Amino acid sequence: PSLRALPQSLQMELHYEIFATTVTKNALLGWLDSSNQEAMIDVCHMAVEEASFVKSEEPFNYRMKAVSMFFLSSGMVAYYPGLVTTFGITHWSYVKSLAQGDFLSEAVLWMCWEHRGLLVAKGTCCMIKVNGDQFRLAVQKHTMSFEALKYYAAMFASKMAERSDDSDE
């Protein structure tokens, strides 16, 4: 039977159980979970989903509009900062290998964002994605947490404006 056939309260609980352990590896999302679990339950239900990628698939590329924050839950990916295409990758290209537990593109939760590099699956991998728009809608329902997150978002945007390097991290 489809999970959609389950009562919404059970769906929400399942989504939280499935996704919270992964997304709370981010310090701020961990804070949200510990300070307002109800808000994190809404985030997991409304904004989080799983996606699978096969070898050489590109979850995103340079200047692509960011939609989601990514958490690598299995497999490995390669991140090439800057303007790089799959055909332009050489053994001299700078690459950062990411594995289970790593996350990137947090900026999409707080601001409009374009990716600053190319992400390529090194083999079959699974990622947990937090949709930025849906995240903001979910936390708006929780006034106290929302106010704290708005403050964090303003500080985050300010720090990003100060940074000189191009990075999705």
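Just above, that's the structure.
Quick look at the structure, then. Numbers given for residues are sequential positions, taken from 1 along each chain in its written order. It should be noted that, the model being predicted, local features are given only for residues of pLDDT at least 70 and side-chain atom pairs only at 80 or more, the latter also being counted only at that level, while totals for whole chains, interfaces and linings use all residues. Note that water and hydrogens are dropped before the side-chain values are worked out from all heavy atoms of the structure.

1. A closer look at the sheet that holds strand β2 (residues 68-74)
Moving on, step 1. The antiparallel open sheet is built from four strands, whose spatial order is β1-β7-β2-β5. Whereas interior strands pair on both sides, the edge strands pair on one side only; in this sheet they are β1 (48-53) and β5 (103-104).
Moving on, step 2. Sheet analysis places β2 next to strand β7 (residues 125-131), joined by six bridges and oriented antiparallel. By the bridge assignment, Ser-68 is partnered in β7 with Asn-131.
Moving on, step 3. Packing of helix α4 (residues 132-140) onto the sheet brings it into contact with β2 and β7, and relative to β7 it is tilted by some 50°. At least two bridges found by DSSP between two strands is the condition for calling them paired. Note on conventions: DSSP H or I runs of at least 4 residues are helices, E runs of at least 2 residues are strands, and numbering of each starts at the N terminus. We call two residues in contact whenever any of their non-hydrogen atoms come within 4.5 Å of each other. Lines are fitted to the C-alpha atoms to define the axes, a helix being fitted only along its stretch in contact, and any angle between axes, read from their N-to-C directions, falls within 0 to 180 degrees.

2. As for unusual backbone geometry
Moving on, step 1. Positioned with a positive phi, Ser-56 is a non-glycine residue whose angle comes to about 75°.
Moving on, step 2. One non-glycine residue, Arg-63, adopts positive backbone phi at about 70°.
Moving on, step 3. Inspection of the secondary structure assignment puts Arg-63 in the loop between β1 and β2.

3. A word on the pairing of strand β3 (residues 76-81)
In summary, the side chains of a regular strand alternate between the two faces of the sheet.
Moving on, step 1. Pairing of β3 with strand β4 (residues 96-99), which is carried by four bridges, proceeds in the antiparallel orientation. Paired with Tyr-79 across the strands is Lys-96, a residue of β4.
Moving on, step 2. Of the strand pairs in this sheet, β3 and strand β6 (residues 117-121) are connected by five bridges, and their pairing is antiparallel. Bridge pairing links Pro-81 to Gly-117 in β6.

4. Overview of the nonpolar core
Moving on, step 1. Grouping buried Ala, Val, Leu, Ile, Met, Phe, Trp, Tyr and Cys residues that are joined through side-chain atoms within 4.5 Å yields what is termed a nonpolar core. Three exposure classes are used, based on accessible area relative to the maximum for each residue type with a 1.4 Å probe and protein chains only: buried under 20%, partly exposed in between, and exposed over 50%. The biggest cluster of nonpolar side chains holds 30 residues, and the ones touching the most others in it are Val-23, Leu-32, Met-40, Val-43, Trp-110, Val-130 and Phe-135.
Moving on, step 2. Considering every element that reaches this core, the biggest residue donor is helix α3 (residues 37-47), with five residues.
Moving on, step 3. Other than its neighbours up to four places away in sequence, Leu-32 contacts Gln-37, Ala-39, Met-40, Val-43, Phe-135, Val-139, Ser-145 and Leu-149.

5. With respect to the environment of Ser-56
Moving on, step 1. Turning to its location among the elements, Ser-56 is positioned in the loop between β1 and β2.
Moving on, step 2. For Ser-56, a relative accessible area of 47% puts it in the partly exposed group.
Moving on, step 3. It is 27 Å that separates the C-alpha atoms of Ser-56 and Asp-133, two residues lying 77 residues apart in sequence.
Moving on, step 4. Those residues in contact with Ser-56 that lie beyond four places of it in its chain are Val-120 and Ala-121.

That is the geometry; function is a separate question.
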